[in-house]
Amino acid sequence: MMGGMAGLEGMEQPRPRSDPAAARWDLPGADRKPAPAPCGPASAALDLVGDPNIGEVRLPSRPQSAGIARRLTASVLLRQWSLTPQLAEHAVLLVSELVGNAVRHTGARTFGLRMLRRRGWIRIEVRDPSRGLPCLMPVQEMDTSGRGLFLVDKLSDRWGVDLLPRGKTTWFEMRVTER
């Protein structure tokens, strides 16, 4: 599965959105029944945004994007990487928090989502154009909005913020037991 060539082919030419790729993002029940307006565009967007496991996916900084990011995360972790539902659930929660921070606090138009896997670890990154650093609040001071990084700290094995020339990447890593 880890053949070096596969990654290189993707770099050379844009891959046509062929059936297998589209099928992989086709979440059960997402398009079967008519959805209320807010869900419709989000489920359709899954076919458009791409695979965060291959390269960074750019999403608009809107609250709805948190739902798209959650579904992308679940899809990669459960279907492509075959990780445990428990681990996927935690990762989905943390992605939701990081995306929420990027959407609420940075004033950016878009943010980037990327997922990486190496032996024994997964890493998920959310990149945004703001260099303002998130801060981990002591638990006593937390109300509903302060708990995001507290959760990230609790549920991930490592996390951090990398400052970039323009903006930052907030990331977390989780240990994975290879099955």
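Use the structure listed above.
So, here is what we can say about the structure in this document. Not measured: the values here are computed from a predicted model.

1. Examining helix 5 (residues 85-105)
The end-to-end C-alpha distance of helix 5 is 30 Å, a good match for the 30 Å that 21 residues give at a rise of 1.5 Å each. Just downstream of helix 5, Gly-107 is the residue with a positive phi angle, here 65°.

2. As for the sheet that holds strand 5 (residues 168-175)
Taking strand neighbours across the sheet as the criterion, the 5 strands line up as 1-2-3-5-4 in an open arrangement whose pairing is antiparallel. Taken across any chain shown, the strands that pair with only one partner, and hence form the sheet edges, are strand 1 (57-60) and strand 4 (158-163). Adjacent strand axes in the sheet meet at a mean angle of 20° when their direction is disregarded. When strand 2 (residues 110-118) meets strand 3 (residues 121-128), the two strands line up antiparallel, connected through 7 bridges. Within the sheet, the bridge partner assigned to Arg-117 lies in strand 3 and is Ile-122. Strands strand 1, strand 2 and strand 3 of the sheet are contacted by helix 4 (residues 64-80), whose axis makes an angle of about 15° with strand 2.

3. Some words on the environment of Leu-72
Topologically, Leu-72 is positioned in helix 4. Judged by its relative accessible area of 0%, Leu-72 falls in the buried class. Along the primary structure Leu-72 and Val-95 are separated by 23 residues, whereas in three dimensions their C-alpha atoms are 9.9 Å apart.

4. So, the side chain of Glu-173
By the element assignment, Glu-173 lies in strand 5. Its relative accessible area of 5% is what places Glu-173 among the buried residues. At a separation of 2.9 Å, a polar atom in the side chain of Glu-173 contacts the side chain of Arg-123. Leave out the neighbours within four places in its chain, and Glu-173 touches Arg-118, Trp-121, Ile-122, Arg-123, Ser-156, Asp-157 and Arg-158.

5. Brief notes about the nonpolar core
Judged by nonpolar contacts, the single largest core of 31 residues is most densely connected at Leu-77, Val-99, Leu-113, Met-115, Ile-122, Ile-124 and Phe-172. Counting residues per element, the ones that place at least two in this core are strand 1, helix 4, helix 5, strand 2, strand 3, helix 6 (147-155) and strand 5. Of all the elements, helix 5 adds the most residues to this core, at 9 residues. Leu-77 has contacts with Ser-82, Leu-83, Leu-87, Ala-88, Ala-91, Met-115, Ile-122 and Ile-124, leaving out every residue within four places of it along the chain.

6. Regarding the environment of Arg-118
Relative to the elements of secondary structure, Arg-118 occurs in strand 2. When its relative accessible area of 42% is taken as the criterion, Arg-118 is described as partly exposed. For the pair Arg-118 and Val-176, spaced 58 residues apart in sequence, the C-alpha separation works out to 9.4 Å.

Parameters and conventions
In this convention, every chain numbers its residues from 1, walking through the sequence in written order. With pLDDT at 70 or above as the cut-off, local features in this predicted model cover only qualifying residues; side-chain atom pairs require 80 or more to be listed or tallied, and sums for whole chains, interfaces and linings still use all residues. Just so you know, side-chain values use all the structure's heavy atoms and leave hydrogens and water out. A run of H or I in DSSP counts as a helix once it spans at least four residues, and a run of E counts as a strand once it spans at least two, with each numbered from the N terminus. To estimate the expected span of a helix, subtract one from its residue number and multiply by 1.5 Å. Pairing between strands is defined by DSSP: at least two bridges between the two strands are required. Under this scheme, a helix contributes an axis fitted over its contacting stretch, all axes are lines through C-alpha atoms, and angles between N-to-C directions fall in the 0 to 180 degree range. Contacts: residue pairs with any heavy atoms within 4.5 Å of one another. Each residue gets one of three labels from its accessible area relative to the maximum for its type: buried under 20%, exposed over 50%, partly exposed in between, using a 1.4 Å probe on protein chains only. Whenever a nitrogen or oxygen atom comes within 3.5 Å of another N or O atom, the pair is scored as a polar contact, on the condition that within protein one atom can donate a hydrogen and the other can accept it, and that pairs from neighbouring residues in sequence are kept only if both atoms are in side chains. Residues grouped as a nonpolar core are buried Ala, Val, Leu, Ile, Met, Phe, Trp, Tyr and Cys residues, joined through side-chain atoms within 4.5 Å.

The values are spatial; any link to function lies outside them.
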